[in-house]
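Coordinates in review
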Amino acid sequence: MALFTDGPLIRIEDLQKCENNILNVAGTESIDLGGKIALAQSEIGNQLILFLMRRLPLRDFQWPIPRRRGVGDVVVTDPLRQWQVHKTLGMVYRDAYNNQLNDRYQGKWTEYEQLAKASSQTYFEIGVGVAADPIAKASVPILSASAGIGSGGTFCAAIAWVNAAGQEGGTSDVVQFTTSDGQQLVVAAVKAPKNAVGWNVYAGVSPASISLQSTVPLGTNANWTMTLGLQQGVQPGDGQAPTWFVVDDRVIQRG
């Protein structure tokens, strides 16, 4: 699962699943859906910070060093995504109503505000997922080629950082590179998080076919070279699972 700070929680397609006509509304009323998604996530982030400050005092969970938990520790779950979908749609229809003072838009605005309130309550009742040692989504790696015995081709690759507990963070976006005959693909990781102890590399001939190529995590300063061709490994995971779920004034241990 992704961390709250890894990027957008939802996409425009998620809004369409809930409201088929949302692209037409946004186009007619000149509403930036991407901007509304970002704004809704920012407001949700503020609510999460307040929630965690009230329920996780600084003395709690002082691992690896004493610090206050924040949105960078929050693991994105399906109830959180649902909350953001409803909140974003409420913002869109609020703007649409204010543009035209159209009662049809006002009804949608009211409906999605109520849904957002209900989904936020459900989310907090289920619990805010928190990672003990959050590992950020990896930045895209740098691909290059070195002299070797490989056959030329076009390859895709992505990486994921690993923490001391062996947990893998979110996989980077996929990048593509073309080699010539007599060259071998080289993948270099960049911008290692402070708590990363290694990284895994995923590669394939297309974004959909990338799979794990490293048998053990590589060192943070090491590169990976495709010397034996592509291996058939597991596909990228979904990132970290929550270590705890924070509900009201209690912290419920996972499992």
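Residues numbered from 1 in each chain as written. Predicted model: local features only at pLDDT ≥ 70, side-chain atom pairs only at ≥ 80, totals over all residues. Heavy atoms only, no water.

1. Side note on the overall build of the chain
Within the chain one finds 5 helices and 10 strands. Residues classed as buried in the chain amount to 43% of the 255 residues present. In the chain, 73% of the contacts between residues at least 6 apart in sequence involve partners at least 24 apart. Roughly 13000 Å² of accessible area belongs to the chain as shown, and the carbon and sulfur atoms make up 51% of that amount. (Helix = DSSP H or I, 4+ residues; strand = E, 2+ residues; numbered from the N terminus. Buried < 20%, exposed > 50% of the residue type's maximum accessible area, 1.4 Å probe, protein only. Contact = heavy atoms within 4.5 Å. Areas by Shrake-Rupley, 256 points an atom, 1.4 Å probe, with all protein chains shown as cover.)

2. Section: the sheet that holds strand β5 (residues 183-188)
Spatially, the 3 strands line up as an open sheet ordered β2-β5-β8, and their pairing is antiparallel. With one partner strand each, in any of the chains shown, β2 (142-147) and β8 (223-225) form the two edges of the open sheet. Across the sheet, the mean angle from the axis of one strand to that of its neighbour is 30°, orientation sign disregarded. Alignment of β5 against β8, held across 3 bridges, turns out to be antiparallel. Paired with Val186 across the two strands is Thr225, which belongs to β8. (Pairing = 2+ DSSP bridges. Axes fitted to C-alpha atoms, helices over the stretch in contact; angles between N-to-C directions.)

3. Focus: the packing of aromatic side chains
On inspection of all chains with the given rule, the structure shows 7 aromatic pairs. Centre to centre, the rings of Trp83 and Phe124 are 5.5 Å apart; their planes meet at 65°, and the pair counts as edge-to-face. With Trp83 in helix α4 (residues 78-100) and Phe124 in helix α5 (residues 103-126), this pair connects stretches of sequence that are 41 residues apart. You'll find Trp83 and Phe124 in the same group, each marked buried. (Phe/Tyr/Trp six-rings, centres within 6.5 Å; stacked < 30°, edge-to-face > 60°.)

4. Section: the confidence of the model for the chain
Do not read the fine detail of predicted coordinates wherever pLDDT is low. On average, residues of the chain score 91 in pLDDT, and 92% of them are at 70 or above. Across residues 59-63, confidence stays below pLDDT 50; counting only partners more than four residues off in sequence or on other chains, it has 8 contacts. (pLDDT = per-residue confidence, 0-100.)

5. Structural notes on α4
Taking 1.5 Å per residue, 23 residues should reach 33 Å; α4 reaches 33 Å between its end C-alpha atoms and fits that length. Positive phi appears at Leu101, one or two residues downstream of α4, with a value of about 50°. (Expected span 1.5 Å × (residues − 1).)

6. Let's talk about the nonpolar core
Grouped together as the largest cluster of nonpolar side chains are 37 residues, with contacts concentrated most on Leu48, Leu80 and Val128. Contributions of two or more residues to this core are made by α2 (22-28), α3 (33-55), α4, α5, β1 (128-130) and β9 (244-247). Other than its neighbours up to four places away in sequence, Leu48 contacts Phe4, Val71, Val74, Tyr123, Phe124 and Val128. Residues Ala138, Trp161, Val187 and Leu218 belong to the second largest nonpolar core, which totals 17 residues. (Core = buried A, V, L, I, M, F, W, Y, C linked by side-chain atoms within 4.5 Å.)

7. Points about the pattern of salt bridges
In this structure the tally under the stated criterion is 7 salt bridges. For Glu19, the salt bridge goes to Lys108, with nearest N and O atoms at 3.2 Å. Remark: Lys108 occurs in helix α5 and Glu19 occurs in the loop between α1 (12-18) and α2; sequence separation between them is 89 residues. For Asp78, the salt bridge goes to Arg81, with nearest N and O atoms at 3.4 Å. Of this pair, Asp78 and Arg81 both sit in helix α4, 3 residues apart, which is roughly one turn of that helix. Under the relative-accessibility criterion, Arg81 is labelled partly exposed at 28%. (Salt bridge = Lys/Arg side-chain N within 4 Å of Asp/Glu carboxyl O.)

8. A word on α5
Its 24 residues give α5 an end-to-end C-alpha distance of 35 Å, which sits within 8% of 34 Å, the value for a rise of 1.5 Å per residue. Taken together, the buried positions of α5 are Tyr105, Trp109, Tyr112, Ala116, Ser119, Ser120, Tyr123 and Phe124. Where α5 is buried, its residues contact α1, α2, α3, α4, β1 and β9. Following α5 by one or two positions, Gly127 adopts a phi angle in the positive range, close to 125°.

9. Regarding the environment of Val216
Mapping Val216 onto the fold places it in the loop between β7 (211-212) and β8. Residue classification places Val216 among the exposed residues on the basis of a relative accessible area of 53%. Sequence separation of Val216 and Gly239 is 23 residues, and the distance between their C-alpha atoms is 17 Å.

10. A word on the pairing of strand β3 (residues 153-162)
The element β3 is largely enclosed, with a buried count of 9 among its 10 residues. Note: β3 against strand β6 (residues 198-204), 7 bridges, orientation antiparallel. Residue pairing across strands places Trp161 opposite Trp199, the latter belonging to β6.

11. Thoughts on the packing of α3 against α4
Direction vectors running N to C along α3 and α4 enclose 125°, while the axes themselves pass 9 Å from each other. With respect to their mutual orientation, α3 and α4 come out oblique. Crossing geometry of α3 relative to α4 is assigned as right-handed. From α3, Leu33, Lys36, Ile37, Leu39, Ala40, Gln41, Glu43, Ile44 and Gln47 reach across to α4, where they touch Leu80, Trp83, Gln84, Lys87, Thr88, Met91, Val92 and Asp95. (Parallel < 35°, antiparallel > 145°, perpendicular 65-115°, else oblique. Left-handed = near helix turned anticlockwise from the far one by under 90°.)

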